[in-house]
2 protein chains.
Amino acid sequence: MSAENIDNPISYEILEDLEDDFEEVELELLRQQAKLTKDLYAKRAKVVSEIPNFWPLVFEQAPPDIDEYVQPTDSAVLLSSLVNLSVERFELPNGDPRSISIKFEFSENEYFENKVLEKKFWWRRNKDGWAGLVSEPVKINWKADKDLTSGMLDLVYQVWEDDKAGKGDDTEAKKKLKSQMESTGLDGVSFFAWFGFRGLSISEEENQAALKEEQEKRKARKEGKETEEEPEEEDEDDDDDEYEMEIFPTADDLAVCIAEDLWPGAIKYFLAAQEQDALSDINFESDEEMDDDEEDAQPSKKRKA
Amino acid sequence: MSAENIDNPISYEILEDLEDDFEEVELELLRQQAKLTKDLYAKRAKVVSEIPNFWPLVFEQAPPDIDEYVQPTDSAVLLSSLVNLSVERFELPNGDPRSISIKFEFSENEYFENKVLEKKFWWRRNKDGWAGLVSEPVKINWKADKDLTSGMLDLVYQVWEDDKAGKGDDTEAKKKLKSQMESTGLDGVSFFAWFGFRGLSISEEENQAALKEEQEKRKARKEGKETEEEPEEEDEDDDDDEYEMEIFPTADDLAVCIAEDLWPGAIKYFLAAQEQDALSDINFESDEEMDDDEEDAQPSKKRKA
């Protein structure tokens, strides 16, 4: 690290430079983590495959950041038919460890035909300096009258196909989706709408060019060269357009929460579900005794295994 | 890893064994992280020491899990006099990387005499298998009539001294503290009450013995030996006693949140504070223009640097 001449006031560039260095360490740690846990996750998958309802019970105890998106009907679908969940940092070993794929496996159920729903999120950077997770909509083959998103996921998928075919902004599907989103809003939307998320549209070429530009900028900063101040104008309108047709705008955050909390903590959540069950039994059997002391029936926050 | 004969139903021991293995990886990653970030944190400390109000601005943007504990007066104290914050995993390189010390440095202020308040949390295990963070109360030398905890922190400190002197359960300080906690409750208690946290009382001997026992149990499980089922009776009453005189019962969680979110994310929070300021200015200058479009004035959730 080169010596800096710290003028007062501190240049924001020094802070950004530091953030870049911290980011590189975090990426390195994610790579290490993936390497060190690979065999353990394989072993866990084998063990939990023998436990009936393991993953539905995990979801039942999911933290609020996940649970808030799981509607009662979603819960019923998961409980009756989720047989496996797996998370992979699929661009490793050479790509970005922040890219994640989340795969749900289902048994036969009354809602959809799919046995596997896999959603991939790519960590990408665009020419304006934005970096984050982008995705592609996943089609769900709903059974008759069982579409939990009331047709919105299908429309999102159609819009995506129209966009790929270069059909412009005035397609039937876009108009329909817009009007449905305006009339129903997104409150209480199904968890399964999450599969529709796209995020910013960033081509692989744009990503590569942006990565290269960023690396050169960082290198120049480290060598103490003056770097051009990027025009910091944030073209919010552009982004607004991009998110205007998202039926699950926070899908990227939810994906990170699944990958970094639910997935590594699955055994903990499963055991919490068991404890909860046991405590419900106690409550049922000795209602009167517990009256005064109901708080004790909650799994104690202060208990760590 | 030895082969397992997986009977149905799965033994909880296999799950616990897996959790132990995951825990060991996490500890290794914490050690790696401490090593890889050491120089960066030193550099950051140097840079931010030149930025007026860096740490108060970071606290201003603290995430809800921290912010909910900072009362308006606490905020004023931090804003007027917090000059540095530092977090250290002080038992490294040989001890537990989960032990953390959090050090606040203050300039002259009207509330207390201390220039430094350092709170240490030790990761400890007890004979019942509980593991977590324990601490010792830190005394704050309040100026006249400026005690933000209305005397509770002093009482906690006195109780701790009484306990060390073996004075039993009926001391003046205990009675006073209990009655004050009962009459005022802990809603809206000052952030500075956090310095009073003790947690479970675990002697170094008990910790060492418990660690040894746990290691032997893990080893036996890995070798496929039958291990005694621990009596799973959780003696809640015991714990309740331990937490009965805590004026900040969730201090350990808050410490982890400071160490794992506020501390590594300080630059991000500082920049968010700057952005907020800039946006407030815009709002102020062009109130009318913004009317229709107020959401744009919020830092966009979707923006990542």
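Residues numbered from 1 in each chain as written. Chains lettered and ligands numbered in written order. Predicted model: local features only at pLDDT ≥ 70, side-chain atom pairs only at ≥ 80, totals over all residues. Heavy atoms only, no water.

Comment text from UniProt for chain A, heading Sequence similarities (unreviewed entry), reads "Belongs to the nucleosome assembly protein (NAP) family." (UniProt positions renumbered as here; feature names shortened; annotations may be inferred.)

Student: Is there a simple way to explain the packing of aromatic side chains in this structure?
Tutor: For any two aromatic rings, the description comes down to two numbers: the centre-to-centre distance and the angle of the planes. Counted according to the given criterion, the structure contains 50 aromatic pairs over all chains. Summarising the aromatic geometry, the rings of Tyr41(A) and Phe22(B) are spaced 4.8 Å apart at their centres and angled 50 degrees between planes, so their arrangement reads as tilted. Of this pair, Tyr41(A) sits in helix 1 (residues 12-48) while Phe22(B) sits in helix 1 (residues 12-48), which puts the two residues in different chains. Like Tyr41(A), the residue Phe22(B) is buried in the burial classification. Ring centres of Phe104(A) and Trp194(A) lie 6.0 Å apart, and the angle between their planes is 75 degrees; this geometry places the pair in the edge-to-face category. A residue pair is termed long-range when its members are at least 10 positions apart, and Phe104(A) in strand 2 (residues 100-106) and Trp194(A) in the loop between helix 6 (172-184) and helix 7 (204-222) qualify at 90 residues. Trp194(A) shares its class with Phe104(A); the two are buried. The structure contains a cluster of three or more aromatic residues connected by ring pairs, namely Phe59(A), Phe104(A), Phe106(A), Phe112(A), Phe121(A), Trp142(A), Phe191(A), Phe192(A), Trp194(A), Phe195(A) and Phe197(A). (Phe/Tyr/Trp six-rings, centres within 6.5 Å; stacked < 30°, edge-to-face > 60°. Helix = DSSP H or I, 4+ residues; strand = E, 2+ residues; numbered from the N terminus. Buried < 20%, exposed > 50% of the residue type's maximum accessible area, 1.4 Å probe, protein only.)

Student: Help me out: how do you make sense of the environment of Asp128(A) in this one?
Tutor: Mapping Asp128(A) onto the fold places it in the loop between strand 3 (116-125) and strand 4 (131-135). Taking the relative accessible area as the measure of exposure, Asp128(A) reaches 54% and is therefore exposed.

Student: What is the right way to read the pairing of strand 3 of chain A from this model?
Tutor: Residues and elements named next belong to chain A. The buried count for strand 3 comes to seven of ten residues, which makes it a mostly enclosed element. Direction of pairing for strand 2 relative to strand 3: antiparallel, over a ladder of six bridges. What sits directly across from isoleucine 102, in strand 3, is lysine 119. Two strands pair when backbone bridges link them, and strand 3 and strand 4 are joined in this way by five bridges, in the antiparallel orientation. From the neighbouring strand, arginine 125 faces strand 4, where its bridge partner is alanine 131. Counted along the chain from strand 3 to the antiparallel partner strand 4, the turn is five residues long, and its residue glycine 129 has a positive phi close to 95 degrees. (Pairing = 2+ DSSP bridges.)

Student: Mind showing me how you'd approach the packing of helix 1 of chain A against helix 7 of chain A here?
Tutor: A pair of packed helices can be characterised by two numbers: the angle between their axes and the separation between those axes. All names here are of chain A. Between helix 1 and helix 7, the shortest axis-to-axis distance is 11 Å and the interhelical angle comes to 120 degrees. Note on packing geometry: the crossing formed by helix 1 with helix 7 is left-handed. Across the interface between the two elements, Glu13, Glu16, Asp17, Asp20, Asp21, Glu23 and Glu24 of helix 1 pack against Glu214, Arg218, Arg221 and Lys222 of helix 7. Here the contact of helix 1 with helix 7 is composed, by residue class, of no nonpolar, no polar and eleven charged. (Axes fitted to C-alpha atoms, helices over the stretch in contact; angles between N-to-C directions. Left-handed = near helix turned anticlockwise from the far one by under 90°. Contact = heavy atoms within 4.5 Å. Nonpolar A, V, L, I, M, F, W, Y, C, P; charged D, E, K, R; others polar.)

Student: Any chance you could explain helix 7 of chain A here in plain terms?
Tutor: Residues and elements named next belong to chain A. If you check helix 7, its first and last C-alpha atoms are 27 Å apart, about what 19 residues at 1.5 Å a residue would give, namely 27 Å. On its buried face, helix 7 sits against helix 1 and strand 3. Looking one or two residues beyond helix 7, the residue adopting positive phi is glycine 224, at roughly 75 degrees. (Expected span 1.5 Å × (residues − 1).)

Student: Explain the pattern of salt bridges here, please?
Tutor: All names here are of chain A. The full count for this structure, using the stated rule, is 40 salt bridges over all chains. The residue arginine 125 makes a salt bridge to glutamate 214 at a minimum N-O spacing of 3.4 Å. Note that arginine 125 is positioned in strand 3 and glutamate 214 in helix 7, a separation of 89 residues in sequence. In this structure, arginine 198 engages aspartate 163 in a salt bridge whose closest nitrogen and oxygen atoms are separated by 3.0 Å. Here aspartate 163 lies in helix 5 (residues 152-164) and arginine 198 lies in the loop between helix 6 and helix 7, a separation of 35 residues in the sequence. Of the residues examined, arginine 198 reaches a relative accessible area of 19% and is grouped as buried. Within this structure, Asp20, Glu23, Glu24, Asp96, Arg98, Arg125, Glu214, Lys217 and Arg218 form a network of salt bridges that share partners. (Salt bridge = Lys/Arg side-chain N within 4 Å of Asp/Glu carboxyl O.)

Student: I would appreciate a short explanation of the side chain of Arg124(A) in the present structure.
Tutor: Position of Arg124(A) among the secondary structure elements: in strand 3. Residues contacting Arg124(A), with those up to four places away along its chain left out, are Glu91(A), Ser99(A), Trp130(A), Ala131(A), Gly132(A), Val134(A), Ile202(A), Glu204(A) and Asn207(A).

Student: How should I be thinking about the nonpolar core in this particular structure?
Tutor: In summary, soluble globular proteins display a tendency toward joint burial of nonpolar side chains. Grouped together as the largest cluster of nonpolar side chains are 153 residues, with contacts concentrated most on Phe104(A), Phe192(A), Trp194(A), Phe104(B), Phe192(B) and Trp194(B). In this structure, Phe104(A) is in contact with Phe59(A), Leu82(A), Asn84(A), Leu85(A), Lys115(A), Val116(A), Leu117(A), Phe191(A), Trp194(A) and Phe195(A), ignoring residues within four places of it in sequence. (Core = buried A, V, L, I, M, F, W, Y, C linked by side-chain atoms within 4.5 Å.)

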